[in-house]
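# Coordinate analysis (summary)
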Amino acid sequence: MTAIAERAIAEPAGEPGLGTRLSWAVTDTLTITRRNLLVWMRVPAYLVFTVVQPVIFVLMFRYVFGGAIHAAHGYVNFLMPGIVGQTAAFATFGTAIALAQELKKGVIDRLRSMPMARSAVLAGRLVADTGRMLITILIIIGVGYAVGFRFSNGWLPAVAMIALATVFGLAICCIAAYTGLAIGDEESVQAFGLIWLFPITFLSSAFVPISTMPGWLQAFANNQPVTYVINTMRALALGGPVESSLWKSAVWLAGIFIVFLPLAVRAYRRAA
């Protein structure tokens, strides 16, 4: 927080210009991002629980269900885009829980009392969690390669798949930030996250072909954002038509950002 402390001493009289305020906002956001990443790196439990659960899912689905579920490119290649999408979504538990903890302990109040951009606390949390999510996704893809997964559509679509997964995770982070700040209790936030995240990830195309589901369930699974995103990721990774699922994914993600980013900002202003 040295830059913030120096600003409090050296800040010139009068209202700073727009360029100065933007520069301060970026600096403050990066400072809070660094703080959040240091917490993640210095508490091994965070790292273990972030990475171990998706690794278990990879191994469990690959070796327990892989022999029973048949897919055109092999089940492991069908599975991995779904695991990556699930990993991006589940990584947002950390966003909601961390914000609820900091709100309950008064950390957010203390940060807001400092001479820093008001947006930095929320923006820094989202940037740090996006970086954490990207690292986790890359680790999971490495594990997938160890058990037989391969990108078969070139490196550029592979990069696009990872980018889409990260944007998807950031969109879910906005929902998590809103719930974490609105609910304000870590146990309740975690329970609420399980209630809505598990159904939309498991009742999708992530782990099994939707055609194997009962007809009444297919109607939901075929028309929800996780399915559109994972279908796009799968087409990018393995080849196949992308356009239809891509634009539907873009519409859903844009809608999530438009609705929940302002709600998260509003909850932050009200809570702090």
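Residues numbered from 1 in each chain as written. Predicted model: local features only at pLDDT ≥ 70, side-chain atom pairs only at ≥ 80, totals over all residues. Heavy atoms only, no water.

### Focus: the packing of helix α4 (residues 75-90) against helix α7 (residues 120-146)
Their axes nearest at 10 Å, the elements α4 and α7 cross at an angle of 155°. Considering the angle they form, α4 stands roughly antiparallel to α7. Along this stretch, α4 crosses α7, giving a crossing that reads as right-handed. Across the interface between the two elements, Met-80, Ile-83, Val-84, Thr-87 and Ala-88 of α4 pack against Met-133, Thr-136, Ile-137, Ile-140, Ile-141 and Gly-144 of α7. Residue composition of the contact of α4 with α7, grouped by class: 8 nonpolar, 3 polar and no charged. (Axes fitted to C-alpha atoms, helices over the stretch in contact; angles between N-to-C directions. Helix = DSSP H or I, 4+ residues; strand = E, 2+ residues; numbered from the N terminus. Parallel < 35°, antiparallel > 145°, perpendicular 65-115°, else oblique. Left-handed = near helix turned anticlockwise from the far one by under 90°. Contact = heavy atoms within 4.5 Å. Nonpolar A, V, L, I, M, F, W, Y, C, P; charged D, E, K, R; others polar.)

### Comments concerning the side chain of Asn-77
Structurally, Asn-77 can be placed in helix α4. The exposure class assigned to Asn-77 is buried, which follows from its relative accessible area of 12%. Among the polar contacts listed, one links the side chain of Asn-77 to the backbone nitrogen of Arg-150, at a separation of 3.0 Å. When near neighbours in sequence (up to four residues on either side) are disregarded, Asn-77 contacts Gly-148, Phe-149, Arg-150 and Leu-238. (Buried < 20%, exposed > 50% of the residue type's maximum accessible area, 1.4 Å probe, protein only. Polar contact = N/O pair within 3.5 Å; in protein donor to acceptor, adjacent residues only side chain to side chain.)

### What about helix α8 (residues 155-183)?
With 29 residues, α8 should cover 42 Å at 1.5 Å per step; its first-to-last C-alpha distance of 42 Å lies within 8% of that length. Gly-184 lies just past α8 and shows a positive phi near 75°. (Expected span 1.5 Å × (residues − 1).)

### Topic: the pattern of salt bridges
Where charged atoms of side chains with opposite charge meet at close range, the side chains can pair. A complete count under the given rule lists 5 salt bridges for this structure. The residue Arg-35 makes a salt bridge to Glu-102 at a minimum N-O spacing of 3.0 Å. Here the residue Arg-35 occupies a position in helix α2 (residues 18-42), and Glu-102 occupies one in helix α5 (residues 93-105), the gap between them amounting to 67 residues. Residue classification places Glu-102 among the buried residues on the basis of a relative accessible area of 9%. (Salt bridge = Lys/Arg side-chain N within 4 Å of Asp/Glu carboxyl O.)

### So, the confidence of the model for the chain
The share of residues in the chain with pLDDT of 70 or more is 90%, and the mean pLDDT across the chain is 85. At the level of individual helices and strands, the chain shows its lowest average pLDDT in helix α1 (residues 2-10), which scores 51, and its highest in helix α11 (residues 225-238), which scores 95. (pLDDT = per-residue confidence, 0-100.)

### Details of the nonpolar core
Ile-83, Ile-137, Met-161, Phe-168 and Leu-181 are the most contacted members of the largest nonpolar core, which has 69 residues in total. Counting residues in each nonpolar core, the second largest holds 5 residues, with Ala-96, Ile-97, Ala-100 and Val-189 among its members. (Core = buried A, V, L, I, M, F, W, Y, C linked by side-chain atoms within 4.5 Å.)

### A few points about the packing of aromatic side chains
The tally for this structure, following the rule as stated, stands at 12 aromatic pairs. Centre to centre, the rings of Phe-57 and Phe-202 are 6.2 Å apart; their planes meet at 55°, and the pair counts as tilted. On the criterion of sequence distance, the pair formed by Phe-57 in helix α3 (residues 44-65) and Phe-202 in helix α9 (residues 186-202) is long-range, its members being 145 residues apart. By relative accessible area, which is 28% here, Phe-202 ends up partly exposed. One aromatic cluster in this structure is built from Phe-57, Phe-61, Phe-90, Phe-93, Phe-198, Phe-202 and Phe-207. Directly above the aromatic system of Phe-78 lies the positively charged group of Arg-234, at a separation of 3.7 Å from the ring centroid. (Phe/Tyr/Trp six-rings, centres within 6.5 Å; stacked < 30°, edge-to-face > 60°. Lys NZ or Arg CZ within 6 Å of the ring centre and 35° of its normal.)

### Quick word on α11
Residues separated by three or four positions in an α-helix point in the same direction, a consequence of the helix having 3.6 residues per turn. Between the first and last C-alpha of α11 there are 20 Å, a value that for 14 residues agrees with the 20 Å anticipated at 1.5 Å per step. The buried fraction of α11 amounts to 13 of the 14 residues, a majority that puts the element mostly inside the structure. If you check the start of α11, you find a side-chain oxygen 3.0 Å away from the backbone N of Val-226, and it comes from Gln-224. Looking one or two residues beyond α11, the residue adopting positive phi is Gly-239, at roughly 100°.

### Describing the packing of α5 against α9
Look at α5 against α9: their axes get within 9 Å of each other, and the N-to-C directions meet at 160°. Here α5 lies roughly antiparallel to α9, going by the angle between them. The crossing of α5 and α9 is right-handed. When α5 is examined against α9, the residues Phe-93, Ala-96, Ile-97, Ala-100 and Gln-101 are found in contact with a partner set consisting of Glu-186, Val-189, Gln-190, Gly-193, Leu-194 and Leu-197. Here the contact of α5 with α9 is built from residues that sort into 7 nonpolar, 3 polar and 1 charged.

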